[in-house]
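Structural description and commentary
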Amino acid sequence: MLALVVAHLVVALVLPLLSARGHRPAFLVAAVLPAVTLVWALAHAGAALGPGVSESVAWAPTLGLELAFRLDALSLAMIVLVSGLGALILVYSAGYFGPTSEEATRSAALLLTFAGVMLGLVLADDLLTLYVFWELTSITSYLLVGQRGDKREGRRAALQALLVTVFGGLSMLLGFVLLGEAAGTYRISEIVAMGRAGEIGGGGMVSAALLLILVGAFTKSAQLPFHPWLPAAMVAPTPVSAYLHAASMVKAGVYLVGRLAPGFSDLAVWWVPIAVAGIGTMLVGGWRALAETDLKRVLAFGTVSQLGFLMVLFGAGGRISALAGVAMLLAHGLFKAPLFMAVGAIDHATGTRDLRQLSGLRHALPGLAAAAVLAAASMAGLPPMLGFLGKEAAFEAFLHEGGVRGWTIALGLLLGSVLTAAYSARFVWGAFGRKRGRDATPVHPPGRLLTVPVWLCALGGLATGLAFPVADALAGTYAAQYVPADAEAAEYHLALWHGLGLPLLFSAVAIGGGLGVHRLRRQVKRLSRRTPFDAQAGYENTVAGLERVAVVVTGRSQVGSLPAYLATILAVVVALIGPVTLLMGTWPAQPLYHQVAQVPLAVAVMVAALAVVRSRRRFTAVLLVGVIGYGVGGLFVVEGAPDLALAQFLVETLSLVAFVFVLRRLPAHFTGKPTRRRSQWAKAALATVGGVVVAGVAVVLSGARVGPASASDDFLALAPDGAGADNVIAAILVDFRALDTIGEIGVLFVAAAGVASLVLATRYDRRHSSGQGSPRHEEDVLG
């Protein structure tokens, strides 16, 4: 599994070279790897629907860090979307981007990179592994939405998506750490199993962890009130919208909720926020879609609405709801991706995607219209599409549960489904219907690369609806993690016909109500504009407020005084670290010194430190600082660390040389203006307290280790035979951390180059008598 993820990234690196020969071959080559991944996943479907396929790669085994992956039913469903739809969208991209497109080269590589990190996300069986891939999807999304960064609208949308999702990601990371520490493991499968068995302690810590994780899931899946970033991201090219914002990335939050829900769905702290945010998002998204005139924004708000629907199904229900969740997860990808691609084809064919300017396309583009109607039918929940199966199972889940909770959620989903049917009808009418008083829009036929992927996806929704036992087997394996409420719930399966009943009545009401709302579209459009809640304005006001706070804080704190900055740093260190060390630290039972030679060295260091603060000349101060450094190096020698002492002497010598050359260009004295005695006493007191606290913390921390570090055991064991060295420090520097040592040598070279530049500059001044360093120059510098 890790090999597949890495293969995506490696091929993405070489794609720009292939794009130089033509954009179309680059996209077609990029589509191969996701297709291979889909074939691999389907080949392991038997094991995925059984015990699952697990793989782990040790990252830092001593620290317990590893990359863990697992293929199970939910991962398999996501791979169908991520890799299956990804391959089709990459083929579609070959026809979408023109041969001279400047965005095509980077888009091919970034789309394949995104496919790789998204694959890693859905296969991750470790919270930290999942977080790494989670944030990588945010970064690739930022690059894909912003494209080359030459358009202000694109930059704003990309930045908004990045800020919102990264904010949620950081919250989620804190939740992961709390949950992992409470469970004693970061393996997701183990945490879910412990959650089902009620074996996770921690009480309030688990509740806080779940709420923090939900914040991350809500931001990624555009839940209320974080949803505005998704419609704003529609400035991206249509293939990006079809892949990231319909089929894959926006489902990451839903996937995370679905992954953890079997272990925590019975906790109110889990299902209440999900039910409230999910139903609210479904209604707001559906309502806003009825007022949009850009076909992509109609679909974007529709996606927001559907994500709220999915969030409720995965997070707030039981076994039947889980069945509906997996069915709707697949259905949403299979109808929303082709609808986005159809919009791209319409844009190519007509030059616009404004539904007010489009008319009569059902006659001009009958094939594309038929495929789009098929996909829209699944979105609205018409039989025999997969969307119908999922929606009826959703109604059954909460109607069967009954009670206040069940009926409230069921009615909320019904109202949201009415809006879904309404904006589905609005999309079909707006894209392909004939508008009264408007001539047919002139078109030029789109190529097959733009239409065949649309048909394949739309037919996929029809085929999986007709072949419902396949979808039921996949969804049933995931739903088996839930304990059925009763025998009837245990026997429920996805099917096209469950007989007459309330779920079928709800489906009929949703379709009929949606068509009725569409007939009243003019009145609805006027009403939908009168909304008291504007989340986009809330985001903009929040960002503006943060900027104002930053300006105020910076204006107050950055006063241009070095003593003020040092005093702030020391005060923070003393206030935060000092009390914690006093309360929780233990003073080690060690003698004041180990060897007599340490005493004169320590005295020399302290005397030099006191003399530095009394020094009036810069050169004197630098020499005294050098004495301190050499004194510390002498302590290293006494302690038996000659390698470390040698490095200390080298650094001190180099620093001293650099200082000398710099001081030649500065006044000899620090300042001619004596400071007030009260100020001197205050600074001395703060410096003394800060020094005492830092020294005390160093002693306490040095005594906290009672044995050799576990990470060092391997170094000690491998040094004689593996590196051929008796000195473990030498083995670490030359063998185990050789790359680090090379980097440090590079730093020394850079510093040496700076010193050489100063020497050369000094010689230049002497030859040309610039006057720098003379008493006259010193007076000029001092003013």
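None of the values given here were measured: they were computed from a predicted structure. (Residues numbered from 1 in each chain as written. Predicted model: local features only at pLDDT ≥ 70, side-chain atom pairs only at ≥ 80, totals over all residues. Heavy atoms only, no water.)

**Considerations on the domain arrangement of the protein chain**
Looking at the protein chain, the domain boundaries give domain 1 (1–543) and domain 2 (709–771). A straight line from the C-alpha centre of domain 1 to that of domain 2 covers 50 Å. (Domains from an automatic or database assignment.)

**Quick notes on the side chain of Lys-220**
Checked against the element boundaries, Lys-220 lands in helix α9 (residues 204–220). No salt bridge forms around the buried Lys-220; measuring N to O, its nearest opposite-charge neighbour Glu-135 is 5.5 Å away. Among the polar contacts listed, one links the side chain of Lys-220 to the side chain of Ser-138, at a separation of 2.7 Å. (Helix = DSSP H or I, 4+ residues; strand = E, 2+ residues; numbered from the N terminus. Buried < 20%, exposed > 50% of the residue type's maximum accessible area, 1.4 Å probe, protein only. Lys, Arg positive; Asp, Glu negative; His and termini not counted. Salt bridge = Lys/Arg side-chain N within 4 Å of Asp/Glu carboxyl O. Polar contact = N/O pair within 3.5 Å; in protein donor to acceptor, adjacent residues only side chain to side chain.)

**Re the pattern of salt bridges**
Inspection of every chain in the model, using the stated rule, returns 13 salt bridges. Residues Arg-187 and Asp-125 are paired through a salt bridge, measuring 3.6 Å at the closest nitrogen-oxygen approach. Linking Arg-187 in the loop between α7 (152–183) and α8 (188–197) with Asp-125 in the loop between α5 (104–123) and α6 (127–146), this pair joins segments that are 62 residues apart in sequence. Accessibility expressed as a relative area gives 5% for Asp-125, which makes it buried. Between Arg-737 and Asp-740 there is a salt bridge; the shortest N-O distance is 3.1 Å. Accessibility expressed as a relative area gives 41% for Asp-740, which makes it partly exposed.

**With respect to the layout of surface pockets**
Empty space within the second largest pocket amounts to approximately 820 Å³. As for the second largest pocket, its lining consists of 22 residues, of which Asp-643, Leu-644, Ala-647, Ile-729 and Leu-733 are closest to the centre. Among the secondary structure elements, those contributing two or more residues to the lining of the second largest pocket are α29 (642–663), α32 (728–736) and α33 (738–768). In terms of residue count, α29 provides more of the lining of the second largest pocket than any other element does, eight residues in total. Considered class by class, the residues forming the lining of the second largest pocket number 14 nonpolar, four polar and four charged. (1 Å grid on protein atoms, 1.4 Å probe; cavity = no way out; pocket = protein on both sides within 12 Å on 5 of 7 lines; lining within 4 Å. Points joined across faces, edges and corners; volume = space filled by probe spheres on them. Nonpolar A, V, L, I, M, F, W, Y, C, P; charged D, E, K, R; others polar.)

**Some remarks on the side chain of Thr-37**
Structurally, the position occupied by Thr-37 is in helix α2 (residues 23–43). The exposure class assigned to Thr-37 is buried, which follows from its relative accessible area of 0%. Once residues within four sequence positions are removed from consideration, Thr-37 is found in contact with Leu-4, His-8, Ile-79, Ser-83 and Leu-119. (Contact = heavy atoms within 4.5 Å.)

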